[in-house]
Amino acid sequence: MGLLLVLLLTCAALPLASSDPNDEACLTQLSHTLRDPLNNLRNWTKSTLANPCSGFTSYLPGATCNNGRIYKLSLTNLSLQGSISPFLSNCTNLQSLDLSSNSISGPIPQDLQYLLNLAVLNLSANRLQGEIPPQITFCAYLNVIDLHDNLLTGQIPPQLGLLARLSAFDVSSNKLSGPIPTSLGNRSGTLPKFNATSFEGNKDLYGYPLPPMKSKGLSVLAIVGIGLGSGLASLVLSFTGVCIWLKITEEKMAAEKGKITQLMPDY
C-alpha cells in the first residue's frame, strides 16, 4: 500500500507531456513569416505555440489536433499577409492546409514535399508568385490542389498528373503559360477528369481541355478587308456576318463555361 502511494505521488509530480517539438517549430516559424494586420491570430502566443494540443483538444485557433499532433490548419479569410514558411514541413502529421482568401505573397515552398500525409492543399485567392513546385508530387496522398486566383507563372508541372488520388485540381486565374500536361488535361482510365474550368483565366496557357485559341481581331479584319474590296454592299454584308459570327462565338463560350464536370469539394 505504501509503495502504491509513492508511485501515485511520483506520477502526480511529473510534468504533463508537451506537444511535439516539430509542431511547435512549424507553427512558431509560420507566425513569424505571416503578418496579421487585423490581429486575428492574437491567441498565437508563445505559450499556446509551445503546447497547441492536448490529445484531440486544440488550444490554437485555426488548428485541429489528432492524438497530440497538428492534424489540420485552416486560416482562411483573415486578411493575412507575408509569406508561407518553409518550416511548415515540420508539421509532419498535417493532412489539410488551407490558407485561402488572404493576401499572402511569395512562392509556394518546395519544402511542402515533406508533408507526406497531406491530402488537401488550398492556397487559393492569395497573391502567391513564382512557379508551382513539382516537388509537391511527393505528397502522394493529395486529393485536392486548389491554387486558383494567384499570380503563379511558368508551366504546370506534368508530374502532378502522377497523383493517383487527385480528385480536385484548380489553377485557374493565374499567369501560367505553355501547354496543359496531358497527364492532367486528358487523364485516362478511371482517374477523375478536369475540365476547362480548372485551367481558364491563364492568358498564355493552351491545350485540351481549353477551347482552341481564336484570333477575333484577325477574323474581323479579314472580313472587313473583303468588304472594302467589293464595294459598299459587300461591306454591309461583311459587317452583318461579323455580328452573327461574334454572337455564335459568345454563345459557344457561354455553353462551355456551364459544363462543370468536376466540382471542388467542400473543405
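Anyway, here's the lowdown on the structure attached to this text. Values in this document were obtained by computation on a predicted structure and should not be read as measured data.

Glancing now at the overall build of the protein. If you tally the helices and strands in the protein, you get six helices and 15 strands. Within the span of the protein, comprising 267 residues, buried residues form 38% of the whole. Taking all contacts inside the protein whose residues are at least 6 apart in sequence as the whole, residues at least 24 apart take part in 55%. Working note: accessible area of the protein is about 14700 Å², and carbon and sulfur atoms make up 59% of it.

Moving on: the nonpolar core. Membership of the largest hydrophobic core comes to 51 residues, with the highest contact counts inside it found for Leu97, Phe169 and Phe199. Among the secondary structure elements, those contributing two or more residues to this core are α2 (21–33), β4 (63–66) and β5 (69–74). The element best represented in this core is α2, accounting for three residues. Discounting chain neighbours no more than four positions away, the residues touching Phe199 are Ile156, Phe169, Val171, Ser172, Ile180, Leu184, Phe194, Leu205, Pro209 and Leu210.

On to the pattern of salt bridges, then. Taken as a whole and assessed by the stated rule, the structure comprises two salt bridges. Measuring nitrogen to oxygen at the nearest pair gives 3.7 Å for the salt bridge that ties Arg69 to Asp20. On the criterion of sequence distance, the pair formed by Arg69 in strand β5 and Asp20 in the loop between α1 (2–13) and α2 is long-range, its members being 49 residues apart. Among the salt bridges present, the one from Arg69 reaches Asp23, with a minimum N-O distance of 2.9 Å. Taken together, the residues Arg69 in strand β5 and Asp23 in helix α2 connect sequence positions 46 residues apart. Note on accessibility: Arg69 and Asp23 belong to one class, buried. Beyond isolated ion pairs, a larger network of salt bridges with shared partners links Asp20, Asp23 and Arg69.

This next bit is on the sheet that holds strand β12 (residues 151–154). Read from one edge to the other, the open sheet built from five strands follows the order β8-β10-β12-β14-β15, with strand pairing classed as parallel. The open sheet has two edge strands with one neighbour each: β8 (105–106) and β15 (204–206). Where β8 lies against strand β10 (residues 127–130), two bridges are found, and the strand directions are parallel. In the sheet register, Ser105 faces β10, and the bridge partner there is Arg127.

Bringing the packing of aromatic side chains into the picture now. One pass over the full model with this rule turns up two aromatic pairs. Aromatic pair Phe169 and Phe199: ring centres 6.0 Å apart, planes at 50°, arrangement tilted. Within this pair, whereas Phe169 is found in strand β13 (residues 168–170), its partner Phe199 is found in the loop between α4 (182–185) and β15, the two being separated by 30 residues in sequence. Overall, Phe169 belongs to the buried group, its relative accessible area being 2%.

Here the focus is the sheet that holds strand β7 (residues 96–98). One open sheet accounts for six strands, arranged β4-β5-β7-β9-β11-β13; its pairing is mixed. Each edge of the open sheet carries a strand with a single partner, namely β4 and β13. Averaged over all pairs of adjacent strands, the angle between strand axes in this sheet comes to 15°, irrespective of strand direction. Note: strand β11 (residues 144–146) against β13, three bridges, orientation parallel. When the sheet's bridge partners are listed, Val144 is paired in β13 with Ala168.

What follows covers the side chain of Ser89. Its location among the elements puts Ser89 in the loop between β6 (81–82) and β7. Not counting the four nearest positions on each side in its chain, Ser89 is found in contact with Asp111, Tyr114 and Leu115.

Turning our attention to the environment of Asn150. Locating Asn150 in the fold gives a position in the loop between β11 and β12. We classify Asn150 as buried; its relative accessible area is 4%. Separated by 27 residues in sequence, Asn150 and Leu123 have C-alpha atoms that sit 8.6 Å apart. With residues up to four places along the chain from it excluded, the contact list for Asn150 reads Leu123, Ser124, Ala125, Asn126, Arg127, Leu128, Ser173 and Asn174. Here Arg127 takes part through its backbone nitrogen, which lies 3.3 Å from a polar atom of the side chain of Asn150. For Asn150, the side chain forms a polar contact with the main-chain nitrogen of Leu128, separated by 3.0 Å.

Attention now moves to unusual backbone geometry. Geometrically, the link from Tyr208 to Pro209 is a cis peptide bond, its omega value of 10° lying close to zero. Here Pro209 shows up in the loop between β15 and α5 (216–230). Backbone geometry places Ser101, a non-glycine residue, at a positive phi of 60°. Take Ser101: it is sitting in the loop between β7 and β8. Phi angles above zero are rare outside glycine, and Ala125 is one such case at about 55°. Looking at the secondary structure, you find Ala125 in the loop between β9 (120–122) and β10.

Reading the values: rules and limits
Residues numbered from 1 in each chain as written. Predicted model: local features only at pLDDT ≥ 70, side-chain atom pairs only at ≥ 80, totals over all residues. Heavy atoms only, no water. Helix = DSSP H or I, 4+ residues; strand = E, 2+ residues; numbered from the N terminus. Buried < 20%, exposed > 50% of the residue type's maximum accessible area, 1.4 Å probe, protein only. Contact = heavy atoms within 4.5 Å. Areas by Shrake-Rupley, 256 points an atom, 1.4 Å probe, with all protein chains shown as cover. Core = buried A, V, L, I, M, F, W, Y, C linked by side-chain atoms within 4.5 Å. Salt bridge = Lys/Arg side-chain N within 4 Å of Asp/Glu carboxyl O. Pairing = 2+ DSSP bridges. Phe/Tyr/Trp six-rings, centres within 6.5 Å; stacked < 30°, edge-to-face > 60°. Axes fitted to C-alpha atoms, helices over the stretch in contact; angles between N-to-C directions. Polar contact = N/O pair within 3.5 Å; in protein donor to acceptor, adjacent residues only side chain to side chain.

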